[in-house]
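So the chains spell out like this:
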Amino acid sequence: MQTQDKKKLQAKPESRIVSPPEWPIGIALSNRGNIKVSIPDDICVVLTKTAFEQLFGWAYATSQEISCLGSVKREDNRFVIEQFYLLKQSGSFGNTELHQEAVAEFMEQLMREGKSDEAKRIKCWAHS
């Protein structure tokens, strides 16, 4: 191999400065105009008797903030929270945080029990 060829192989590639892409990155949500959002006038969230008793029972049982996950069923523009699940969490008088491990274990439990439809309906996070 000639000396010049060896030098080419040993030479480091030229470093280029690459400018970051223009914002927004990814899929365009609109034609660069203002994003328009509309909310139907008849949209509502409804708690079943079970869900209401769970949420308020747990909330009044302690002086600490609590949070729970809810199973939601959509009926047109009504979102019905059928029941809540109270999971392991940390909190105080003014805040609450679900333990990530508890959420993962809960979802795995639903899947093991053949309740994949219920797992898909966990779409609500509520707190006192």
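Quick summary incoming for the structure in this document. Keep in mind the model is a prediction, meaning the values are calculated, not measured. (Residues numbered from 1 in each chain as written. Predicted model: local features only at pLDDT ≥ 70, side-chain atom pairs only at ≥ 80, totals over all residues. Heavy atoms only, no water.)

Next up on the list: the overall build of the chain. Counting secondary structure elements, the chain contains four helices and six strands. For the chain, restricting intrachain contacts to residue pairs at least 6 apart in sequence, the fraction spanning at least 24 positions comes to 60%. Total accessible area computed for the chain in this model is approximately 10900 Å², and 53% of it derives from carbon and sulfur atoms. (Helix = DSSP H or I, 4+ residues; strand = E, 2+ residues; numbered from the N terminus. Contact = heavy atoms within 4.5 Å. Areas by Shrake-Rupley, 256 points an atom, 1.4 Å probe, with all protein chains shown as cover.)

Glancing now at the environment of Val-45. Tracing the sequence through the fold places Val-45 in strand 1 (residues 44–47). Distance from Val-45 to Val-72, taken between C-alpha atoms, is 9.4 Å for residues 27 residues apart in sequence. Other than its neighbours up to four places away in sequence, Val-45 contacts Phe-79 and Ile-81.

Further remarks concern the sheet that holds strand 3 (residues 78–85). Pairing is mixed in the open sheet, where four strands are placed in the order 1-3-2-6. Two strands bound the open sheet, and with one partner strand each, they are strand 1 and strand 6 (122–127). Mean inter-strand twist for the sheet, computed between neighbouring axes without regard to direction, equals 40°. In this sheet, strand 3 lies alongside strand 2 (residues 67–75) in antiparallel orientation, the contact comprising seven bridges. Residue pairing in the sheet places Leu-69 in a bridge with Tyr-85 of strand 3. Of the strands in this sheet, strand 1, strand 2, strand 3 and strand 6 touch helix 2 (residues 49–60), which is tilted by about 50° from strand 3. (Pairing = 2+ DSSP bridges. Axes fitted to C-alpha atoms, helices over the stretch in contact; angles between N-to-C directions.)

It is worth spelling out the nonpolar core at this point. Among the nonpolar cores identified, the biggest contains nine residues, and these are Leu-69, Tyr-85, Leu-87, Leu-98, Ala-102, Phe-106, Leu-110, Ala-119 and Ile-122. Every residue in contact with Tyr-85, bar those within four places of it in the chain, is listed here: Trp-58, Cys-68, Leu-69, Ser-71, Phe-106, Glu-118 and Ile-122. Counting eight residues, the second largest nonpolar core, distinct from the first, contains Leu-55, Val-72, Ile-81 and Phe-84. (Core = buried A, V, L, I, M, F, W, Y, C linked by side-chain atoms within 4.5 Å. Buried < 20%, exposed > 50% of the residue type's maximum accessible area, 1.4 Å probe, protein only.)

Attention now goes to the side chain of Gln-54. Mapped onto the elements of the fold, Gln-54 is located in helix 2. Non-local contacts of Gln-54, meaning those with residues more than four positions away in its chain, are made with Gln-83 and Phe-84.

The terminal C-alpha atoms of helix 2, which comprises twelve residues, lie 16 Å apart, in line with the 16 Å expected from a rise of 1.5 Å per residue. Taken together, the buried positions of helix 2 are Ala-51, Gln-54, Leu-55 and Ala-59. Buried residues in helix 2, looked at end-on, bunch into an arc of 115°, giving them a common side. Turned more than 90 degrees away from the buried face of helix 2 sit Lys-49 and Tyr-60, all of them exposed. The inward-facing, buried residues of helix 2 abut strand 1, strand 2, strand 3 and strand 6. (Expected span 1.5 Å × (residues − 1). Arc of directions from axis to C-beta.)

A few words now on the packing of aromatic side chains. Working definition: an aromatic ring pair is given by the centre-to-centre distance plus the angle between the planes. Inspection of every chain in the model, using the stated rule, returns three aromatic pairs. Three or more aromatic residues link up through ring pairs in this structure, and these residues are Phe-52, Phe-56 and Tyr-60. (Phe/Tyr/Trp six-rings, centres within 6.5 Å; stacked < 30°, edge-to-face > 60°.)

Below, the discussion takes up the pattern of salt bridges. Scanning all chains against the criterion turns up four salt bridges. In this structure, Glu-53 engages Lys-49 in a salt bridge whose closest nitrogen and oxygen atoms are separated by 2.6 Å. Of this pair, Glu-53 and Lys-49 both sit in helix 2, four residues apart, which is roughly one turn of that helix. Counted as one network, the salt bridges with shared partners bring together Glu-82, Glu-118 and Arg-121. (Salt bridge = Lys/Arg side-chain N within 4 Å of Asp/Glu carboxyl O.)

By themselves, these are just geometric observations and shouldn't be taken as functional.
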